[in-house]
Amino acid sequence: MFVNYRYAIGAGTRTGGNLTVAGRPAYLSEDRTTLDLLGIPKTAVSANFGWQWDGPRPAGAEPGATSGFTEADATIVLAGARVVEDPTRPQSWK
């Protein structure tokens, strides 16, 4: 699973979610491979969990096998996300 965090003006502009994660709006991509956590100003937090193996696969993995992570796994990861209001101020980091 890959978890991406981006803070910048223009990041986090999506407002409409199609589900909720830990009381926050979230958006599950149409192909059901990426979960975006919404409602954090100027911030984009997403978990990409449904990718297919590219190149050498682990022993026993079938061609076209996915990462093995699920929407439930991504939900657990993003439910625990804690994001400071202004990451440009290190004194606010905990």
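In the block above lies the structure referred to throughout.
These remarks concern the structure in this document. (Residues numbered from 1 in each chain as written. Predicted model: local features only at pLDDT ≥ 70, side-chain atom pairs only at ≥ 80, totals over all residues. Heavy atoms only, no water.)

**Some remarks on the overall build of the protein**
So the rule is basically this: Numbering of helices and strands runs from the N terminus; a helix is a DSSP stretch of H or I covering at least four residues, while a strand is a stretch of E covering at least two. Buried, partly exposed and exposed residues are distinguished by accessible area as a fraction of the type maximum, computed with a 1.4 Å probe on protein chains only: under 20%, between the cut-offs, and over 50%, respectively. By definition in these notes, contact holds between two residues if any of their heavy atoms fall within 4.5 Å. The method behind every accessible area is Shrake-Rupley, applied with a 1.4 Å probe, and residues are considered shielded solely by the protein chains displayed.
Helix and strand counts for the protein come out as 1 helix and 5 strands. Reading the protein from its N terminus to its C terminus gives the helix and strand order β-β-β-β-β-α. Within the protein, the fraction of its 94 residues that count as buried is 26%. When contacts within the protein are restricted to residue pairs at least 6 apart in sequence, long-range pairs at least 24 apart make up 45% of them. Per element, the accessible surface of the protein, about 6,300 Å² overall, is 53% carbon and sulfur.

**Some words on the nonpolar core**
The test is simple: The criterion is simple. A nonpolar core is a set of buried Ala, Val, Leu, Ile, Met, Phe, Trp, Tyr and Cys residues joined through side-chain atoms within 4.5 Å.
Among the nonpolar cores identified, the biggest contains 12 residues, and these are Val21, Ala26, Leu28, Leu35, Leu37, Ile40, Val45, Ala47, Phe49, Ala74, Leu78 and Ala81. Put simply, the parts of the chain that give this core at least two residues each are strand S3 (24–28), strand S4 (34–37), strand S5 (43–48) and helix H1 (71–79). Not counting the four nearest positions on each side in its chain, Ala74 is found in contact with Met1, Leu35, Ala47 and Phe49.

**Let's talk about the environment of Asp73**
Mapped onto the secondary structure, Asp73 falls in helix H1. By relative accessible area, Asp73 is classed as partly exposed at 28%. Taking the C-alpha atoms as reference, Asp73 lies 8.1 Å from Phe49; in sequence the two are 24 residues apart. Residues in contact with Asp73, not counting those within four places in the same chain, are Met1 and Gly68.

**Topic: unusual backbone geometry**
Even without being a glycine, Ala22 presents a positive backbone phi close to 50°. Locating Ala22 in the fold gives a position in the loop between strand S2 (19–21) and S3. Ala22 gets classed as exposed once you look at its relative accessible area, which sits at 59%. Positioned with a positive phi, Arg32 is a non-glycine residue whose angle comes to about 60°. Along the chain, the position of Arg32 falls in the loop between S3 and S4.

**Some thoughts on the side chain of Ser29**
By secondary structure assignment, the location of Ser29 is in the loop between S3 and S4. Residue classification places Ser29 among the buried positions, given a relative accessible area of 15%.

**Remarks on the pattern of salt bridges**
Two side chains bearing opposite charge may form a pair once their charged atoms approach each other closely. The cut-off we apply is this: The term salt bridge refers to a pairing of a side-chain nitrogen on Lys or Arg with a carboxyl oxygen on Asp or Glu at a separation within 4 Å.
One pass over the structure, following the stated rule, counts 1 salt bridge. Glu71 is the partner of Arg32 in a salt bridge, and the nearest nitrogen-oxygen pair spans 2.7 Å. In this pair, Arg32 sits in the loop between S3 and S4 while Glu71 sits in helix H1, placing the two residues 39 residues apart along the sequence. We classify Glu71 as partly exposed; its relative accessible area is 26%.

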